Amino acid sequence: MRAEAATPLFRVDDMRVAYGAIAAVKGVSLELNAGEMVCLIGANGAGKTTTLNAIAGLLPLAGGRIAYAGEDIGALPAHQRVRRGIALVPEGRGIFTRLSVEENLRMGAYARADDDAIDADLARVCGLLPRIGERLAQTAGTLSGGEQQMLAIGRALLSRPKLLLLDEPSMGLAPRIVEQIFEVVRSVQAAGVAVLLVEQNAHLALEFAGRGYVMDSGRIVLAGAAESLLADPQVRAAYLGQ
Ligand SMILES: Nc1ncnc2c1ncn2[C@@H]1O[C@H](COP(=O)(O)OP(=O)(O)OP(=O)(O)O)[C@@H](O)[C@H]1O
Ligand SMILES: [Mg+2]
């Protein structure tokens, strides 16, 4: 195999993140290949959101490295990471409830200057997410929870990501809606976007992702193929309620 073929798109190496004196992420290492879907599961407070937010550039590193497409991006501001193709769909969705659906979507393109292509991408996202496309002029705060989650994903897609960071997309949604959202995520991945999926719903995450990492108290405690994690007695007892 040629060396460059083995280089992952994205690699986090011994990342540490702290809130003041409180260490929340204590040496996390993980990697993703282009177009791969990988999940990060773990209990409340394990450090999953902190990990995603630090990757997106919303929190500074207290140690370690983040490499993306061969570049060390660990010190770049968030908007420069967006420009390189890393997009976060944050925990709680981060919708601007008083703005219209279209304004929310266009926020996702804030780091871009190619206006014509933005319009084309807006149309494409509306095709992928018809319920959002039908409601462009509506105030975003009037959308249902599922629609707001779709909108948050659509907004991230407007930045043309190569790596999508998804924080608990199923949170608070009915199973039928969750299924629709995961089908959307699957088609985004099928289009070649790598997805790092954080979920408390470990079963769902391992059903959709090819590989998974299990996080506990700021560390990765287990990693492997989704099928082997689903079969792992420790995972079953701790995260799958079996
Ligand atoms: N802004 C903050 N200030 C101080 N401590 C924080 C802050 N945000 C998170 N923490 C702490 O950092 C640790 C990791 O939190 P984090 O939100 O990353 O976990 P999580 O795995 O996403 O949990 P959840 O499943 O509840 O979303 C927890 O102990 C949490 O209390
Ligand atoms: Mg979280």
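Structure first, text after, so check above.
In this report, we go over the structure that sits alongside the text. (Residues numbered from 1 in each chain as written. Chains lettered and ligands numbered in written order. Predicted model: local features only at pLDDT ≥ 70, side-chain atom pairs only at ≥ 80, totals over all residues. Heavy atoms only, no water.)

**Quick word on the coordination of the magnesium ion (ligand 2)**
Bound to the magnesium ion (ligand 2) on the protein side are T49 (OG1) and E91 (OE), at distances that span 1.9 to 2.2 Å. Of this pair, T49 sits in helix 1 (residues 48–56) while E91 sits in the loop between strand 6 (86–89) and helix 3 (101–107), placing them 42 residues apart in sequence. A relative accessible area of 18% means that T49 is categorised as buried. Given a relative accessible area of 39%, E91 falls into the partly exposed group. (Donors = N, O, S within 2.8 Å, 3.2 Å for Na, K, Ca; no water. Helix = DSSP H or I, 4+ residues; strand = E, 2+ residues; numbered from the N terminus. Buried < 20%, exposed > 50% of the residue type's maximum accessible area, 1.4 Å probe, protein only.)

**A word on the pattern of salt bridges**
In the structure shown here, the tally under the stated rule is 15 salt bridges. Residue D114 pairs with R112 through a salt bridge whose shortest N-O separation is 3.0 Å. (Salt bridge = Lys/Arg side-chain N within 4 Å of Asp/Glu carboxyl O.)

**Quick look at the side chain of R155**
Of note, R155 is situated in helix 6 (residues 145–157). Despite its burial, R155 pairs with no opposite charge; the closest candidate is E103, at 11 Å N-O. (Lys, Arg positive; Asp, Glu negative; His and termini not counted.)

**A few points about the nonpolar core**
Among the nonpolar cores identified, the biggest contains 47 residues, and L105, I132, L151, I153, L164, L166 and L197 are the most heavily contacted of them. If sequence neighbours within four positions are ignored, L197 has contacts with M37, V38, C39, L40, L166, P169, F182 and A205. Formed by 30 residues, the second largest nonpolar core is a distinct cluster that contains F10, M15, A46 and I55. (Core = buried A, V, L, I, M, F, W, Y, C linked by side-chain atoms within 4.5 Å. Contact = heavy atoms within 4.5 Å.)

**Focus on the layout of surface pockets**
In this structure, the largest pocket occupies an estimated 400 Å³ of space. In terms of lining residues, the largest pocket is bounded by 16 residues, among which V82, L88, P90, Y110 and R155 are the most central. Among the elements that line the lining of the largest pocket, the one with the most residues is strand 6, at 3 residues. Looking at the lining of the largest pocket residue by residue, the class counts come to 12 nonpolar, 3 polar and 1 charged. (1 Å grid on protein atoms, 1.4 Å probe; cavity = no way out; pocket = protein on both sides within 12 Å on 5 of 7 lines; lining within 4 Å. Points joined across faces, edges and corners; volume = space filled by probe spheres on them. Nonpolar A, V, L, I, M, F, W, Y, C, P; charged D, E, K, R; others polar.)

**Some details on the site of ligand 1**
Of all residues adjacent to ligand 1, which total 13 residues, the nearest are N44, K48, T49, T50 and E91. Here a nitrogen atom of ligand 1 and a side-chain polar atom of Y19 are 3.5 Å apart. K48 is positioned with one of its side-chain polar atoms (N or O) 2.8 Å from an oxygen atom of ligand 1. When ligand 1 is considered free in solution it has 640 Å² of accessible area, and contact with the protein chains removes 62% of it. Looking at side-chain class alone, the shell around ligand 1 contains 4 nonpolar, 6 polar and 3 charged residues. (Near = heavy atom within 4 Å. Polar contact = N/O pair within 3.5 Å; in protein donor to acceptor, adjacent residues only side chain to side chain. Areas by Shrake-Rupley, 256 points an atom, 1.4 Å probe, with all protein chains shown as cover.)

**Examining the sheet that holds strand 2 (residues 22–32)**
If you trace the 4 strands from one edge of the open sheet to the other, you get 2-1-4-5, paired in antiparallel fashion. Edge strands, defined here as strands with exactly one partner in the open sheet, are strand 2 and strand 5 (71–72). Contacts between helix 1 and the sheet are confined to strand 1 (10–19), strand 2 and strand 4 (63–68), with strand 1 contributing the most and set at about 110 degrees to the helix. (Pairing = 2+ DSSP bridges. Axes fitted to C-alpha atoms, helices over the stretch in contact; angles between N-to-C directions.)

**Some remarks on the packing of aromatic side chains**
Tallied over the entire structure, the rule returns 1 aromatic pair. Ring centres of F182 and F208 lie 4.7 Å apart, and the angle between their planes is 50 degrees; this geometry places the pair in the tilted category. Taken together, the residues span a long stretch of sequence, with F182 in helix 7 (residues 175–190) and F208 in helix 8 (residues 202–208) at a distance of 26 residues. Residue F208 is classed as buried on the basis of its relative accessible area, which comes to 10%. (Phe/Tyr/Trp six-rings, centres within 6.5 Å; stacked < 30°, edge-to-face > 60°.)

**With respect to the pairing of strand 4**
When strand 1 meets strand 4, the two strands line up antiparallel, connected through 5 bridges. From the neighbouring strand, R16 faces strand 4, where its bridge partner is G63. Pairing between strand 4 and strand 5: 2 bridges, direction antiparallel. Across the sheet, residue Y68 finds its bridge partner in strand 5, namely E71. Count of turn residues in the strand 4/strand 5 antiparallel hairpin: 2 residues, of which A69 carries a positive phi of about 50 degrees.

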